[in-house]
Amino acid sequence: LVLGKGLTNEKTPLPDFTGLSFAQAEQEIISNALNVGAVVYDETVTTTDVSAMAFIWKQIPEYSPNSRVPVGTPLYLWLTIDSTKLPVDTLNPSLDPLP
């Protein structure tokens with residue numbers, strides 16, 4: 001059984017999930033009344049253990065400052081362990097490639 005408020009014009013902020021783990025993103029998704037549409041792991045994620053270390057490098061809808069989307073919007077998330085896929089300004093210092 002699935003209950004909902006039906007169609008609404010209510011909007012919620014769209015967070016930037018870039019650099020977050022799936023677990024971290026899932027918390028934000030729930031707290032912003034959004035839904036997971038699909039999760040896609042790239043070729044670097046080969047096992048369940050590796051998937052726990054993966055982080056989001058791409059999302060749709062794409063983030064932009066002050067963006068808002070309808071409540072319940074599905075989010076499509078791409079995960080990797082390849083830090084070169086992240087924009088430079090979102091790199092976690094622990095993920096920075098060696099000089």
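Along every chain, residues carry numbers that run from 1 in the direction the sequence is written. Only residues with pLDDT of 70 or above have their local features reported here, since the model is predicted, and side-chain atom pairs are shown and tallied only from 80 upward, although totals for entire chains, interfaces and linings are computed over all residues. In computing side-chain values, all of the structure's heavy atoms are included and hydrogens and water are not.

### A few points about the overall build of the protein chain
Line of reasoning, step 1. The helix and strand tally for the protein chain stands at two helices and five strands.
Line of reasoning, step 2. Burial here depends on accessible area, computed with a 1.4 Å probe over protein chains only, as a share of the maximum for the residue type. Under 20% is buried, over 50% is exposed, and the range in between is partly exposed. Expressed as a percentage of its 99 residues, the buried residues of the protein chain come to 26%.
Line of reasoning, step 3. If you take every contact in the protein chain between residues at least 6 apart in sequence, the share linking residues at least 24 apart comes to 68%.
Line of reasoning, step 4. Taken as a whole, the protein chain presents about 6700 Å² of accessible surface, with 57% of it coming from carbon and sulfur. Working definition: helices are DSSP H or I runs of at least four residues, strands are E runs of at least two. Numbering for both runs from the N terminus. Only heavy atoms enter the contact rule, under which two residues are in contact if any of them lie within 4.5 Å. To measure how exposed things are, a 1.4 Å probe is used in the Shrake-Rupley method; for residues, cover is taken only from the protein chains shown.

### Brief notes about the sheet that holds strand β3 (residues 55-60)
Line of reasoning, step 1. A pair of strands is labelled paired if DSSP reports no fewer than 2 bridges between them. One open sheet holds the three strands; their spatial order is β2-β5-β3, and the pairing between them is mixed. Of all the strands in the sheet, just β2 (35-41) and β3 have a single pairing partner and so form its edges. Pairwise comparison of adjacent strand axes, ignoring direction, gives a mean angle of 30° for this sheet.
Line of reasoning, step 2. Here five bridges tie β3 to strand β5 (residues 74-80), and the two strands are oriented antiparallel to one another. Axis definition: a line fit to C-alpha positions, over the contact stretch in the case of helices; interaxial angles, taken between N-to-C directions, run 0 to 180 degrees.

### Description of the nonpolar core
If you look at soluble globular proteins, the nonpolar side chains tend to sit buried side by side.
Line of reasoning, step 1. One finds L14, F17, I29, L34, I56, L75 and L77 to be the most contacted residues of the largest nonpolar core, which totals 13 residues.
Line of reasoning, step 2. Looking at this core, the elements with two or more residues in it are α1 (22-31) and β5.
Line of reasoning, step 3. Considering every element that reaches this core, the biggest residue donor is β5, with three residues.
Line of reasoning, step 4. Those residues within four positions of I29 in sequence are excluded, and the remaining contacts are F17, L34, N35, V36, L75 and L77. As used here, the term nonpolar core means buried Ala, Val, Leu, Ile, Met, Phe, Trp, Tyr and Cys residues forming a set that is joined through side-chain atoms within 4.5 Å.

### Here's the deal with the packing of aromatic side chains
Line of reasoning, step 1. Only the six-membered ring of Trp is used, alongside the rings of Phe and Tyr, when aromatic pairs are assigned; centres must lie within 6.5 Å, and planes under 30 degrees apart are stacked while those over 60 apart are edge-to-face, with the rest tilted. As enumerated under the stated definition, the model contains zero aromatic pairs in all.
Line of reasoning, step 2. Two conditions define a charge located above a ring, namely a distance within 6 Å from the ring centre to NZ of Lys or CZ of Arg, and an angle within 35 degrees of the ring normal. One cation-aromatic arrangement involves K58 over W78; the distance from NZ or CZ to the ring centre is 4.6 Å.
Line of reasoning, step 3. Sitting over the face of the ring of W57, K85 holds its NZ or CZ atom 4.7 Å from the ring centroid.

### Some points on the pattern of salt bridges
Side-chain pairs of opposite charge can arise where the charged atoms are in close proximity.
Line of reasoning, step 1. Between Lys or Arg on one side and Asp or Glu on the other, a salt bridge is scored when a side-chain nitrogen of the former is within 4 Å of a carboxyl oxygen of the latter. Counted by the stated rule, this structure contains one salt bridge.
Line of reasoning, step 2. The partner of K85 in a salt bridge is D42, with the nearest N and O atoms 2.7 Å apart. One end of the pair, K85, is in the segment after β5; the other, D42, is in the loop between β2 and α2 (48-51), with 43 residues separating them in the sequence.
Line of reasoning, step 3. Here K85 falls in the partly exposed class, since its relative accessible area comes to 27%.
Line of reasoning, step 4. Given a relative accessible area of 11%, D42 falls into the buried group.

### Remarks on unusual backbone geometry
Across residues other than glycine, the phi torsion is negative in most instances, and most of the peptide bonds are trans.
Line of reasoning, step 1. Looking along the chain, the bond that leaves I60 and enters P61 is cis, with omega of 0°.
Line of reasoning, step 2. Secondary-structure assignment places P61 in the loop between β3 and β4 (68-70).
Line of reasoning, step 3. Of note, A33 is a non-glycine position whose phi angle comes to about 60°, a positive value.
Line of reasoning, step 4. Not every positive phi belongs to a glycine, and N66 is a case in point at roughly 65°.
Line of reasoning, step 5. Taking the relative accessible area as the measure of exposure, N66 reaches 77% and is therefore exposed.

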